[in-house]
Amino acid sequence: MRTSLNEIKEIDDHVLGQTAPDEALLFDAKLIINPGLKYKVMRHKQTLALVQQYGRNSLKAEIKTVHQKLFSLPEHVGFRQKIMRLFNKR
């Protein structure tokens, strides 16, 4: 189990560019020798991309919710008018 966690950490550091140059060179050699490791790196990159996309989508949804509240609820009329004046000035 510990070896697996160490390998994941090593892959993560490599993918994120957080390894020292000598360690990066050693990891690149491991990638050449071990096709299974190359596959794991590819899957790790895909996982990171999915997590990043999920975060973006969550943030967009949160921004949309705040926007809807600020521009539709009556208690925010003053704020809405100030914002509209800012964008109407040229």
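Relevant structure appears above.
As the structure is a prediction and not an experimental result, all values here were calculated from the model.

Caption draft 1: Structural view of the nonpolar core. Among the nonpolar cores identified, the biggest contains five residues, and these are I11, F27, L31, L37 and V41. If we skip the residues at most four places from it in the chain, L37 touches E7, I11, F27, K30 and L31.

Caption draft 2: The arrangement of the environment of F27 in detail. Locating F27 in the fold gives a position in helix α2 (residues 21-33). With a relative accessible area of 2%, F27 lands in the buried category. Distance from F27 to N57, taken between C-alpha atoms, is 33 Å for residues 30 residues apart in sequence. Residues contacting F27, with those up to four places away along its chain left out, are E10, I11, H14, L37 and V41.

The rules behind the values
Residues numbered from 1 in each chain as written. Predicted model: local features only at pLDDT ≥ 70, side-chain atom pairs only at ≥ 80, totals over all residues. Heavy atoms only, no water. Core = buried A, V, L, I, M, F, W, Y, C linked by side-chain atoms within 4.5 Å. Buried < 20%, exposed > 50% of the residue type's maximum accessible area, 1.4 Å probe, protein only. Contact = heavy atoms within 4.5 Å. Helix = DSSP H or I, 4+ residues; strand = E, 2+ residues; numbered from the N terminus.

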